[in-house]
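As a plain string of letters, each chain reads:
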Amino acid sequence: MTNRFSFEVCAAADNSLLTLWPHMALHHWSQRVILKIDERSVMVDLQSYGSPSPASGPTTSSTTFDHSSSENQSPDSSTGSVSRDAFAPPSRDSSVPADTEEGAFHRSVLAAVERWFSLFGWPTGPHPLSVPHTLRRVVSDAQSNSGDGRTRRVNQNKESRSFLDMLHHLSGRQIPGVPVCRSVSDELERRVQQLLQQHEAALSFLTAQGACLAHIRPQYLLDLQEFEHWCLLQVSPPEHLLCPSPSGETSVFSQSGPEEDRLDRRSYESVSKRSWTHVLLQIYKVLVLRRVSVRCLPSPLDHSEAAGLLFSSSPSVESNFYSSQELLLLSWLNMHYHRMRGAPWAAGGAAQTPARWIVNFDLDLADGLVLASLLASHCPYLIRGFLSRMYAAPSSLEEIFHNNLIVVQVLSRLHLSINVQPTDLCDPNPVQMLMLCVHLYEALPQVVPKDIVTLSGHLHSSFSKQVRLTNPSSKTIRYQASLYGEDAHWFSFPAGSKVIIPPRSSAELSVQFRCFCLRQMQAVLVLTCSSASDVCSLALSLRTRVSHISPTSALTCESPCYQLSTIQLPLTSTFQTEAHFRVVLVEWSFNPLESESGIESIVHQAVGTSDRTPEEETQGGAERDFLSEARSVLLKANQKDSLNLLYLPFVPGKKHLCVLLLNPQVGDMVHLVKATAHLPLPSPLSVRTSPPSAPRTPVLSLHCQLGDVLEEVLQIPRINVPWEQALAVWAQHCMSEDERRRRRLTHSLQSSTVRANMATQKLCRQPLWGQLEQMKQVEYRVEVSLPQNFILPSSVAIPVKEDADGAWDDSAECVDVPLQFKADSVGQFTCQVVMKSWMDTRLYLLEVLVSAQFSLFQQRGVSHLQFSSPVHRSLTQLIPVRNETLQHWRMDAGVSGEGFSGPDLLNVMSGTEEFYPLTFLPAAQGVVTGKLSLQGGCAGSQRVFALRGVGEPPLPQDRVLLHCPVGRSSHTQLDVPNSSKTIVTLKVVTDLSIVSGIPNLEVKPGHAAPYTLTVSPWKRGRFSGSLSFVEVCDGFKAKNRRGTSRQSYEVHFSLEIMCEPAAPLKVIRVQCVAESSAVVEIPVCNGGGEPLLLEVMLEGDDLTGEGRLSVPALETLSYKVTFRPVRAGRSTGSVVFQSEQMKEFWYQLELCGLPPAAPNP
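All of these numbers come straight from a predicted model, not from anything done at the bench.

Novice: Is there a simple way to explain the packing of helix 8 (residues 324-341) against helix 12 (residues 430-443) in this structure?
Specialist: In a packed pair of helices, the relevant descriptors are the angle between the two axes and the axis-to-axis distance. At their nearest, the axes of helix 8 and helix 12 sit 11 Å apart, and the two run at 70° to each other. Here helix 8 lies roughly perpendicular to helix 12, going by the angle between them. As helix 8 runs across helix 12, the sense of the crossing is left-handed. Contacts between helix 8 and helix 12 involve Glu326, Leu329, Trp332 and Leu333 on the former and, on the latter, Leu434, Cys437, Val438, Leu440 and Tyr441. Looking at the contact of helix 8 with helix 12 residue by residue, the class counts come to 8 nonpolar, no polar and 1 charged.

Novice: Quick question: what am I supposed to make of the pattern of salt bridges here?
Specialist: Pairing is possible between side chains that carry opposite charge, provided their charged atoms lie close to one another. Inspection of every chain in the model, using the stated rule, returns 25 salt bridges. Between Asp487 and Arg519 there is a salt bridge, with the nearest N and O atoms lying 3.1 Å from each other. Of this pair, Asp487 sits in the loop between strand 11 (477-484) and strand 12 (491-492) while Arg519 sits in the loop between strand 14 (505-515) and strand 15 (522-529); the two residues are 32 residues apart in sequence, bridging distant segments of the chain. One salt-bridge network, held together by shared partners, links Arg136, Asp223 and Glu269.

Novice: How should I be thinking about the sheet that holds strand 18 (residues 565-572) in this particular structure?
Specialist: The strands making up a sheet associate through backbone hydrogen bonding, with each pair oriented either parallel or antiparallel. The sheet built from 3 strands is open, its strands ordered 18-22-20 with antiparallel pairing. Looking along the sheet, the strands with just one partner apiece sit at the ends: strand 18 and strand 20 (626-628). Averaged over neighbouring strand pairs, the angle between their axes works out to 35° when direction is ignored. Bridge count for strand 18 against strand 22 (residues 640-647) is 8 bridges, and the pairing is antiparallel.

Novice: Could you clarify how one ought to interpret empty space enclosed by the protein in this entry?
Specialist: Here the idea is plain: a probe the size of a water molecule rolls over the atoms and shows the empty space left. Taken as a whole and judged by the stated rule, the model has 5 cavities of 30 Å³ or more. The computed volume of the largest cavity comes to approximately 70 Å³. Glu898, Pro922, Ala923, Ala924 and Val928 are, among the 12 residues lining the largest cavity, the residues nearest its centre. Of the residues assigned to the lining of the largest cavity, the class counts are 6 nonpolar, 4 polar and 2 charged.

Novice: Even after reading the chapter, I still don't get the packing of helix 2 (residues 101-120) against helix 3 (residues 163-171), so can you show me in this structure?
Specialist: For the pair helix 2 and helix 3, interaxial distance at closest approach is 11 Å and the crossing angle is 75°. Comparing their axes, helix 3 and helix 2 come out roughly perpendicular. Here Trp116, Phe117 and Phe120 of helix 2 lie close against helix 3, whose contacting residues are Met166, His169 and Leu170. Taken together, the residues that form the contact of helix 2 with helix 3 break down as 5 nonpolar, 1 polar and no charged.

Novice: Got a minute to help me understand the side chain of His888 in this structure?
Specialist: With respect to the element layout, His888 can be found in the loop between strand 35 (875-882) and strand 36 (889-896). Of the residues examined, His888 reaches a relative accessible area of 18% and is grouped as buried.

Rules of the game
- Residues numbered from 1 in each chain as written.
- Predicted model: local features only at pLDDT ≥ 70, side-chain atom pairs only at ≥ 80, totals over all residues.
- Heavy atoms only, no water.
- Axes fitted to C-alpha atoms, helices over the stretch in contact; angles between N-to-C directions.
- Helix = DSSP H or I, 4+ residues; strand = E, 2+ residues; numbered from the N terminus.
- Parallel < 35°, antiparallel > 145°, perpendicular 65-115°, else oblique.
- Left-handed = near helix turned anticlockwise from the far one by under 90°.
- Contact = heavy atoms within 4.5 Å.
- Nonpolar A, V, L, I, M, F, W, Y, C, P; charged D, E, K, R; others polar.
- Salt bridge = Lys/Arg side-chain N within 4 Å of Asp/Glu carboxyl O.
- Pairing = 2+ DSSP bridges.
- 1 Å grid on protein atoms, 1.4 Å probe; cavity = no way out; pocket = protein on both sides within 12 Å on 5 of 7 lines; lining within 4 Å.
- Points joined across faces, edges and corners; volume = space filled by probe spheres on them.
- Buried < 20%, exposed > 50% of the residue type's maximum accessible area, 1.4 Å probe, protein only.

Next comes the structure, spelled out in structure tokens:
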């Protein structure tokens, strides 16, 4: 009882995973991380399975270390306590059996430590590290005796790296108590003292930094030989350093036998390995993990993102197991994970990742979604090509492995994987995953693009830019350049993707872009080091800008205002790929390709219209003067095509139209159309003195004698009829197909609401449009081409028509405008009167004939003229009229007879000869008679011509060429004119059986009616025929035509139909030796109730077979075709079956003639 002895006791308290990992290895199956929530804080504690949580709030745990039991499980573990095994001093009993789960945990920790320090621990770069052998190496010289008796000095270690070099590199400062020159003596005893001094100084330095190394002794870090020598130097060595021998004596190493000697050596190696593992993890904790700080965390989640995320939004988070830096890492993981949940990225962006609280570094990261969320948050350019292929809710080991495989692929591409394998992520070790998270915490911000590099150039060209990279360090930097993003395939590195930057120098990386699209292309340039080093990666955002556009083609057109014209724009694809191009029209008052702002606006239009619906595109065309008949075109490589554009100008002037053909995968093309809108066509006009029954003509003709002053009152219609008609026509083209069909059925295509809506869209940008309802009149500015002869007011006010449903040509609603004309010479004076307002433009033509006081005309007898022309083909005869008097003649012409026409007036100047154009246009076959009288001239005489016209059989109105595949119906529209003066009902007649349509068509006089023709071919080939529209005469018409030679009205069209074969039912490959034969049997089934007679056509020189095949009802026969090649080679043939009972079907034969075998010698 009086015996007393003293022993050293060390104790430490720490809440860090890097310190408590032995406890986790020991209780890996019996304890788990528990999240306890109260009103003021959140606790992340390590508790036993069966311990209830004392927290008042809800608890959750997404991680359990293992679900199986273990013999090492401690049933006495209590809540919030950590086993003393975490700080147990290394001893011979600390070796863990390799075949246990605890041993596997230790091996994973050791592998993670060796991996990280091999990559980042050495000052000279990556170097393999093996614990403890690499760290116990020293540089010393030793004596060795050779066989010849000479003594030589041998270098025991060629490596100059040491543990102190690693510590100095990671801490960035000199270790107190360690000399700058750390050469070690080659004498064993002195070397042991030097190493013990250095190790003790290093341990003291780390302890001062916060490392828990009280249980580590300097001698545990020695090599085996040095440790043996140290033990021999001890007068009475400590008991925990001695190994009991079988005889019961205590010694450093037992001398009883070789087996016990090996066992003692293994015990020390286990102690040394575990000691070095503890030291390295504490170095990582105090020198690397401490870099994690609150300042580097992302911006906190907003209220919507943090809903239900108490772990990330709690003001205070505490733990008995995690350090503050480790809690910050968990908070960092939670913030990025829940931020990315608001923007679905997994499963192609179609699913959200499951909600979770990340409270550990192993099982919460096992499915790869948390790490992938980190990558997606920092590198969104990797989502489309990589991360979007991940499972949003993996439910099997295969899906989890798939996710982790993608994560490792992304990390490898960014050179951030630190040699982690997918299996390491599927079965994660918390220490290893902590190191990976710290590595990503430091490296991921480097791959976030911070600067923008803009590449600008011409469309349809390649342009490049040099990116200058500077190296301020004293080491050579080797960068590997990579491109990521949806548009990355448009960029390239013409000079290679590797960049070598010498020390304190710079180098350039050439980035090239192939510009084929108008929209801005974006990609991310990532520069990573080819090997792990302390050199940061670099990310740059690449953007493109089209600075110049050369149009693919340019076209010029002209049209008067309010007149619809069709422009055929020739198209030729400049690409080598067949593609569909979306058509976008952009109008300008100037050429936009000549200004930078115009090009930017074109690019904006190309991008802004990509998501428009067809209805929105149609409605947008109301504000323009151009429309495209097709919203998209299919262009083949180097094949010419055309695009029909509708042009209906409303304002005189010039416009430039850019036709954009857009395809985001192939490229874009820009065509330029330069359009000039002239003044509108002359509108009808009358004077007050005109009789009410007098027709209005586009040219108002007046007459006066020389010396007189002509005074008239012009009657200007209140309604601009051409403008109203143009509004109605343009509105019909801007309607959707359903709207047009509905209004056609209700006969409201040209209603007042249609015109009013179109006028609103056309004039809504005019300043006075909003005041139109309060305005009672519209002011017009009057411009006269001959102001010296025609005197008109400078402005005319026309009242606004209140009743919009009135007739357009209501002659009673006119505005009186006084006109005064005077001339000092004889002749004809033509004047243009232009009236312009902010709403519309009008043009009127005035023509005044000034004659002398007297005129003479010599009367002649009656002449006879005979005409002969095919139906609907006009024939014009010029009749000479010579004026040999001194007066100008103004002759009135009267034409009668169906089909005859000519001008109503002929002016013949004194001493000249003019020609009167008389036109004959027969509307039907037969003979018609008529009369032409020219009255005026000398003494008001009259000249009479008797007319006789013969209508010959009509020529085709048009030649229609159609391409149609067999088995499908194609439709085309024909415009059937009616040149007669009455409404006709036409019967449709054709000689082609594959053509169909409605049987009758009614056409108004002077108009053309559309007729839809349907072609349904049942076999291939070229078919020619005709389509005739013959007038149907009822009893009243037939009675009126009795006794006349006029026949029925007819219109003819010639048809040429190219029927192209459909796809073959099957492709059959046939091989046969030349000069021999092979038989192919093709089964033909008749599923009908009647016999089937088939005509068989064989295409191929070496094919033979029957020309007909009859298949009985409900039976199947085999058609035999023989292939007999005359020479070796490949060819293509076909077997075509045709019948009027069904559509054509055929088989394609891939024929191969083999060379004959060589004769045996």
